[in-house]
Amino acid sequence: MFSRPKRFVPSGFRGFAQNANDGLQTPSRLSGKQKASRNGATTQRKRESVKGMEIENAIIRLEQVPDALIEISATDLHGLFPQPALIHLGGDQPEPLFVSVLLHGNESSGLAVVQTLLKTYASKPWPRAVSFLFGNVQAAREGLRRLDGQPDFNRIWPGTELGASPETRWAQKVYADMAARGVFASIDIHNNTGRNPHYSCVERLDGQSLNLGVLFDRLVIYSPYPKGTQTGAFKQVCPSVTLECGSPGEASGVEHAVEFIEKCLRLPEIPCQPPAAEDIDLFHALAQVLVRDEVSFSYDYPAADLLLRPQLDELNFTELTPGTLLGKTKPGSPPTPLPLIARTDDGRDVAGDYFRIENNQLVLTQGSMLCMLSMDERIIRQDCLCYLMERITEFSTSHVN
Ligand SMILES: [Zn+2]
């Protein structure tokens, strides 16, 4: 059983100086200290000007905070920002910390994190400039990850495998804007379904990315797949992490992320020396596990092709033994040998190495660890069932890229 270890803050962060942004353009200082808009007129004008616009033109760029943003719910946010919005706020250090929230519309913790920070800094200067991106506001309205017909807003960033679309062009513009500002670091805030500890995901194994990850929690996942994530794009220009803050609505996830961002805002630089091996639990998400499109599945409908094990999410981050039961298959179906696909970083299907059907039972063939097992059937179909994990122990020498 993997138990969530004690929180850890690497001592190297205190006063450690490195050239975190070598090679990046340093923009001139942005607008002065944040001031809340008192009359809402700016917001009103912005709201009218973007009505009906294609998303690719819909970077609502503000340098003030609309009053209504401070308390608004994720489901009502579309009333303030009918399209994704980007807010730039000046701070003592000019290179901005980029924080994106609601790329998945049902993952509301990020909005609460931003609101907490806006209250904290309403009447005092930010230690560092910040840029807040509010992503899929239309899916947030419905409480959904994405709307039918929309691409996943965390698969559309530069490096995506998706074809060009208004959404990919919009993401490219946001990326270019932040790169031109000399972005200091990038933080993308998410929730997941199912029981999971808090952890971060990185898409590079360099010292800066790992130090940023471990500043949130000692549990860090290296996950270079799927392509087109915000973190995967920003790794090209700055240290970048995805935060997984538990289930939406949990106060502990919001508090944890706020505490982390406060630390980031005060960092003069991010150390390049990787954290010591004993200070990090680092795993590689070696394959994304999906249910085949043609296979029906359920947690509670016995006639489905694949009846998943009840409380499957209890197995998250657990060292599982060969033979562990994951579900039952209907006799005579599905027609394919396995109901699952396990897709590696380079697109291979390794499901046959990890799963087999034995007397109509879906079991593990070898000792494995799974994470992000979801109990939400819609999320499983839209995203995945889980990830297959392996521990990385030699990261400081063999995995740095
Ligand atoms: Zn998400």
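If you're wondering where the values come from, they're calculated on a predicted model, not measured in any experiment.

K.L.:
Tell me what's going on with the overall build of the protein chain, and back it up with residues and numbers.
P.N.:
Along the backbone of the protein chain there are 11 helices and 18 strands. Taking all contacts inside the protein chain whose residues are at least 6 apart in sequence as the whole, residues at least 24 apart take part in 78%.

K.L.:
So what's going on with the nonpolar core? Residues and values would help.
P.N.:
Ranked by size, the top nonpolar core spans 108 residues in total, and within it Val99, Ile187, Val289 and Tyr387 carry the most contacts. Among the elements that take part in this core, strand E9 (residues 281–291) stands out by supplying 8 residues, more than any other. Split by domain, the residues of this core number at least three in each of domain 1 (11–279) and domain 2 (286–397). Excluding its chain neighbours within four sequence positions, the residues that come into contact with Val99 are Val114, Val130, Phe132, Ile187, Ile189 and Ile261.

K.L.:
Pulling in residues and values, what's your account of the pairing of strand E13 (residues 325–329)?
P.N.:
Regular strands show a simple pattern: their side chains alternate between the two faces of the sheet. Where strand E11 (residues 306–308) meets E13, 3 bridges bridge the pair, whose relative direction is antiparallel. In the strand pairing of E13, Leu308 is matched with Gly327.

K.L.:
Could you give me a rundown of the environment of Ile221, with the residues and numbers involved?
P.N.:
Within the secondary structure, Ile221 is located in strand E7 (residues 219–222). On a C-alpha basis, the gap between Ile221 and Arg391 in space is 9.1 Å, while along the polypeptide they are 170 residues apart.

K.L.:
Please provide a residue-by-residue account of the sheet that holds strand E10 (residues 297–298), values included.
P.N.:
On the basis of which strands lie adjacent, the open sheet formed by 5 strands has the order E10-E11-E13-E16-E15 and mixed pairing. Either end of the sheet is taken by a strand with one partner, and the two such strands are E10 and strand E15 (355–358).

K.L.:
Explain the packing of helix H3 (residues 109–120) against helix H8 (residues 251–266) residue by residue, including any values.
P.N.:
Running from amino to carboxyl end, H3 crosses H8 at an angle of 50°, the nearest separation of the two axes being 9 Å. In terms of axis orientation, H3 runs oblique to H8. Here the hand of the crossing between H3 and H8 comes out right-handed. In contact with Ser109, Ala112, Val113, Thr116 and Leu117 of H3, H8 contributes Gly253, Val254, Ala257, Val258 and Ile261. Looking at the contact of H3 with H8, its residues break down into 7 nonpolar, 3 polar and no charged.

K.L.:
I'd like to hear about H3, residue by residue, with values.
P.N.:
Look at H3: 17 Å from first C-alpha to last across 12 residues, which is about the 16 Å you get at 1.5 Å a residue. Structurally, H3 contributes buried residues whose contacts are with helix H2 (77–80), strand E3 (91–101), strand E4 (126–134), strand E5 (185–190) and H8.

K.L.:
Explain helix H6 (residues 207–216) residue by residue, including any values.
P.N.:
Within H6, 10 of the 10 residues are buried, leaving the element largely enclosed by the surrounding structure. Considered for burial, the residues of H6 that qualify are Gly207, Gln208, Ser209, Leu210, Asn211, Leu212, Gly213, Val214, Leu215 and Phe216. Its buried side turned inward, H6 meets E5, strand E6 (199–202), E7, strand E8 (240–244) and H8.

K.L.:
Kindly report on the environment of Phe153, identifying the contributing residues and their values.
P.N.:
Within the secondary structure, Phe153 is located in the loop between helix H4 (137–142) and helix H5 (166–180). Taking the number of C-beta atoms within 10 Å as the measure of exposure, Phe153 has 25 and is therefore buried. Contact partners of Phe153, with chain neighbours within four places excluded, come to Leu103, His104, Gly135, Asn136, Arg146 and Glu167.

K.L.:
Can you break down the confidence of the model for the protein chain residue by residue, with the values?
P.N.:
Across the protein chain, the average pLDDT comes to 84, with 83% of residues at 70 or higher. Below pLDDT 50 for its whole length, residues 1–53 participates in 89 contacts with residues either more than four positions away or in separate chains. Per-residue pLDDT stays below 50 along residues 397–401; that stretch engages in 9 contacts with residues further than four places along the chain or on separate chains.

K.L.:
Tell me about unusual backbone geometry, and please be specific about residues and values.
P.N.:
Although it is not a glycine, Phe317 sits at a positive phi angle of roughly 55°. Turning to its location among the elements, Phe317 is positioned in the loop between E11 and strand E12 (319–320). The backbone phi angle of Asn360 is positive, close to 60°, even though this residue is not glycine. Looking at where Asn360 falls in the secondary structure, it is placed in the loop between E15 and strand E16 (361–364). Taking the C-beta count within 10 Å as the criterion, Asn360 has 13 such neighbours and is therefore assigned partly exposed.

K.L.:
An account of the environment of Arg181 is needed here, citing residue identities and associated values.
P.N.:
Secondary-structure assignment places Arg181 in the loop between H5 and E5. Taking the C-alpha atoms as reference points, Arg181 and Pro96, separated by 85 residues in sequence, lie 7.1 Å from one another.

K.L.:
Can you break down the pairing of strand E18 (residues 386–391) residue by residue, with the values?
P.N.:
Both E9 and E18 contribute to a ladder of 6 bridges, which runs antiparallel. Bridging from a neighbouring strand, Ala285 pairs with Met389 of E18.

Definitions and cut-offs
Residues numbered from 1 in each chain as written. Predicted model: local features only at pLDDT ≥ 70, side-chain atom pairs only at ≥ 80, totals over all residues. Helix = DSSP H or I, 4+ residues; strand = E, 2+ residues; numbered from the N terminus. Contact = placed C-beta atoms within 7 Å. Core = buried A, V, L, I, M, F, W, Y, C linked by C-beta atoms within 7 Å. Buried ≥ 20, exposed ≤ 12 C-beta atoms within 10 Å, placed from the backbone. Domains from an automatic or database assignment. Pairing = 2+ DSSP bridges. Axes fitted to C-alpha atoms, helices over the stretch in contact; angles between N-to-C directions. Parallel < 35°, antiparallel > 145°, perpendicular 65-115°, else oblique. Left-handed = near helix turned anticlockwise from the far one by under 90°. Nonpolar A, V, L, I, M, F, W, Y, C, P; charged D, E, K, R; others polar. Expected span 1.5 Å × (residues − 1). pLDDT = per-residue confidence, 0-100.

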